[in-house]
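Letter by letter, the chains look like this.
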Amino acid sequence: LHNIHGGHFIIGHSKPMQEVFSIIDKIAPSRATALLLGESGTGKELVARAIHEGGQRKKQAFIKINCAALPETLLESELFGHERGAFTSAHASRPGRFELADGGTIFLDEIGEMPLSLQAKMLRVLQEKQFERIGGSNTYTVDVRIIAATNVSLEEAVNKGAFRADLYYRLNVVPILLPPLRERKEDIPLLFNHFLNKSNSRNNRSIKLTSELLDFLISYNWPGNVREMQNMVERMVILAEDNHLTLDDVPSNLLTFKQPVDFPDNQTLINRDDQPEKVQPKELQEVEREQIEAALRRNGWVQVRAAKELG
């Protein structure tokens, strides 16, 4: 699998994903800070790990933390550590994630949710590689590569005063936009089969995919992206009564879905109206034809170039 998918453990042969792979290959050997953009469930943590493992720090620690999962006081302690007695429950000194990641990489997920009071300390770490633990006076210096991720527009947050502009520019050295699943439909069969094989193995099943279900999967808009697909496959495999998955096995709430309207940043979705629209599935052959024709147009109708682009 490592060799098949470009050495990144990330499944996808579509053009948008090939562009992501290309950026990973270029920036992984460097020390540059990367900012991963895209909707929830598009695989930002996988890309962060691929950047880490593609560089010289791959044998060092890869530390991850979700900035939206902890309240402000706990988040500061998790990031920078604390000294004994710094607060009521601080019975012993404790290093933070930045100390643990020294020499390696730290992945800051949902960076847009970080409180303003912590953003100043984060800026100092980016600029000077220095910080102090909570309740301490000693200054710690670390060598850490920072990879941040967000599913909200940081530019809008800066304009609203919810995110520091100087921190945004420091983080936005190499932005990588991860495409939503609906924009790389040719990867859907590959991804679904991957998750299906994994789920079959875990649940001791040998369930297969039918063409009618594949047509539905390609036509569905996947608002939850790859994470939604992974969870859906697990549910279908566990509940399936037959050895073949059909439309009858699809959760009923997915058979009617609301069409999203794409905004320029590909991050904000709203419904056209309050009425769910019935799915109009495209045949797999039709999707393939559209992709091939699009590739031919991009390459001036030179078949060899189009074939090379499509892999």
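In this text, all values refer to a predicted model and were calculated from it rather than measured experimentally.

A. Seen up close, the overall build of the protein chain. Each helix and strand counted, the protein chain has twelve helices and eleven strands in total. Across the 311 residues of the protein chain, 43% fall into the buried class. Counting contacts in the protein chain only where the partners sit at least 6 residues apart, residues at least 24 apart contribute 70% of the total.

B. Representation of the nonpolar core within the structure. Residues Leu79, Phe98, Leu108, Ile111 and Ile146 are the most contacted members of the largest nonpolar core, which totals 30 residues. Among the elements of the structure, β1 (34–37), β2 (62–66), α3 (72–80), β3 (105–109), α5 (116–128), β6 (145–150), α6 (154–159) and α7 (165–171) are those that each provide at least two residues to this core. Broken down by element, this core gets its largest block of residues, five residues, from α5. If near-sequence neighbours (up to four positions away) are discounted, Ile146 is found in contact with Thr33, Ala34, Phe98, Ile106, Leu108, Val125, Leu126 and Leu171. One finds Leu181, Phe216, Val233 and Val250 within the second-largest nonpolar core, a separate group that totals 26 residues.

C. Just the sheet that holds β3, in detail. What the five strands build is an open sheet, ordered β2-β3-β6-β1-β7; its pairing is parallel. Since the sheet does not close on itself, it has two edges, and those belong to β2 and β7 (174–177), each with one partner. Between one strand and the next, the sheet's axes are offset by a mean angle of 20°, whatever the strand orientation. Packed onto the sheet, helix α2 (residues 44–53) meets β1, β2, β3, β6 and β7 and runs at close to 155° relative to β1.

D. Main features of the side chain of Arg184. Among the secondary structure elements, Arg184 is positioned in the loop between β7 and α8 (188–203). Looking at Arg184, its side chain comes within polar contact range of the main-chain oxygen of Ile11, at 3.4 Å. Residues contacting Arg184, with those up to four places away along its chain left out, are Ile11, Gly12, Ser14, Met17, Pro179, Leu191 and Val226.

E. Seen up close, the environment of Met236. For Met236, the location among the structural elements is in helix α10 (residues 225–239). Assessed through its relative accessible area of 2%, Met236 is described here as buried. Spatially, the C-alpha atom of Met236 lies 7.0 Å from that of Val250, the residues being 14 residues apart in sequence. What Met236 contacts, discounting residues up to four positions off in sequence, is Leu213, Leu245, Asp249, Val250 and Pro251.

F. Quick peek at α8. Compared with an ideal rise of 1.5 Å per residue, which puts 16 residues at 22 Å, α8 spans 22 Å between its outermost C-alpha atoms and is within 8% of the ideal. All of the buried residues along α8 are Ile188, Pro189, Leu191, Phe192, Phe195, Leu196, Ser199 and Asn200. With its buried residues spanning 165° around the axis, α8 presents them on a single face. Residues of α8 that are exposed and point over 90 degrees away from its buried face: Asn197 and Ser201. Summarising the contacts, the buried residues of α8 are in contact with β8 (208–209), α9 (211–219), α10 and β9 (244–245). Where α8 terminates, the next one or two residues include Asn204, which has phi positive at roughly 55°.

Reading guide: rules and limits
Residues numbered from 1 in each chain as written. Predicted model: local features only at pLDDT ≥ 70, side-chain atom pairs only at ≥ 80, totals over all residues. Heavy atoms only, no water. Helix = DSSP H or I, 4+ residues; strand = E, 2+ residues; numbered from the N terminus. Buried < 20%, exposed > 50% of the residue type's maximum accessible area, 1.4 Å probe, protein only. Contact = heavy atoms within 4.5 Å. Core = buried A, V, L, I, M, F, W, Y, C linked by side-chain atoms within 4.5 Å. Pairing = 2+ DSSP bridges. Axes fitted to C-alpha atoms, helices over the stretch in contact; angles between N-to-C directions. Polar contact = N/O pair within 3.5 Å; in protein donor to acceptor, adjacent residues only side chain to side chain. Expected span 1.5 Å × (residues − 1). Arc of directions from axis to C-beta.

Geometric descriptors of this kind do not, in isolation, establish any biological role.
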